[in-house]
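Okay, here's what each chain looks like letter by letter:
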Amino acid sequence: MSAPRRLLLVNGPNLNLLGTREPGIYGSATLADVERLSAEAAAAVGFDLRALQSNHEGVLIDAIHAAREDCAGIVINPGGLTHTSVSLRDALTGVGLPFAEVHISDVYAREEFRHHSYLDDVAAVRVVGRGVDGYADAVRELAALIP
């Protein structure tokens, strides 16, 4: 049986506010725009895409666990959980799926606390500071790693 040709797109806390939240940092694209862009990029490389956004860490972890059943990889923008959540890291490493970490802004050009990621050393792909286009880049880069 071949591996599933589906990716899970996970967006963490506050990303539902895209388009209105600090447009000088995050731009004017909405979460719906991000999901559409990501789905189009996935389709172009032979994958379908399931998208989830939640402001609740446990919901994100449950979705990551469920991805083991029907996904070949995960694209995640963990939002502020990037800098705080060992549990999210443990979920991502525990399911054994390759994943891409995405950040819309250049976290290294922002506040010092944003420079640390609990995911950066275990992510298969990392895309930082490319705006919402970084999601499509992450999808393509991750898909290239999946046989």
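Just above sits the structure.
Report on the accompanying structure.

Rules of the game
Residues numbered from 1 in each chain as written. Predicted model: local features only at pLDDT ≥ 70, side-chain atom pairs only at ≥ 80, totals over all residues. Heavy atoms only, no water. Helix = DSSP H or I, 4+ residues; strand = E, 2+ residues; numbered from the N terminus. Buried < 20%, exposed > 50% of the residue type's maximum accessible area, 1.4 Å probe, protein only. Pairing = 2+ DSSP bridges. Right-handed = clockwise from strand over helix to strand, strands pointing away. Polar contact = N/O pair within 3.5 Å; in protein donor to acceptor, adjacent residues only side chain to side chain. Contact = heavy atoms within 4.5 Å. Phe/Tyr/Trp six-rings, centres within 6.5 Å; stacked < 30°, edge-to-face > 60°. Lys NZ or Arg CZ within 6 Å of the ring centre and 35° of its normal.

1. Things to note about unusual backbone geometry
For Asn14, which is not a glycine, the phi torsion comes out positive at approximately 75°. Locating Asn14 in the fold gives a position in the loop between β1 (6-11) and α1 (23-26). With a relative accessible area of 38%, Asn14 lands in the partly exposed category. A positive phi is found at Glu22, a non-glycine position, where the angle reads about 40°. Looking at the secondary structure, you find Glu22 in the loop between β1 and α1.

2. Here's the deal with the pairing of strand β3 (residues 73-77)
Across the five residues that make up β3, a large majority, five, are buried. Every second residue of β3 is oriented toward a common face, with Gly73, Val75 and Asn77 on one face and Ile74 and Ile76 on the other, all of them buried. In terms of strand pairing, β1 meets β3 through five bridges, oriented parallel. Along β3, the bridge assignment pairs Val10 with Ile76. Sheet topology note: the β3/strand β4 (residues 99-103) ladder contains three bridges and is parallel. Residue pairing across strands places Ile76 opposite Glu101, the latter belonging to β4. One crossover worth recording links β3 to the parallel β4 by way of helix α4 (residues 86-95), and it is right-handed.

3. A few points about the side chain of His83
Secondary-structure assignment places His83 in the loop between β3 and α4. Residue His83 is classed as buried on the basis of its relative accessible area of 14%. A distance of 2.8 Å separates the side chain of His83 from the backbone oxygen of His116, its partner in a polar contact. Non-local contacts of His83, meaning those with residues more than four positions away in its chain, are made with Phe113, Arg114, His116 and Tyr118.

4. Let's talk about the packing of aromatic side chains
Under the counting rule described, the total for this entry stands at zero aromatic pairs. Just above the ring of Phe47 sits the side chain of Arg5; from NZ or CZ to the centre is 3.9 Å.

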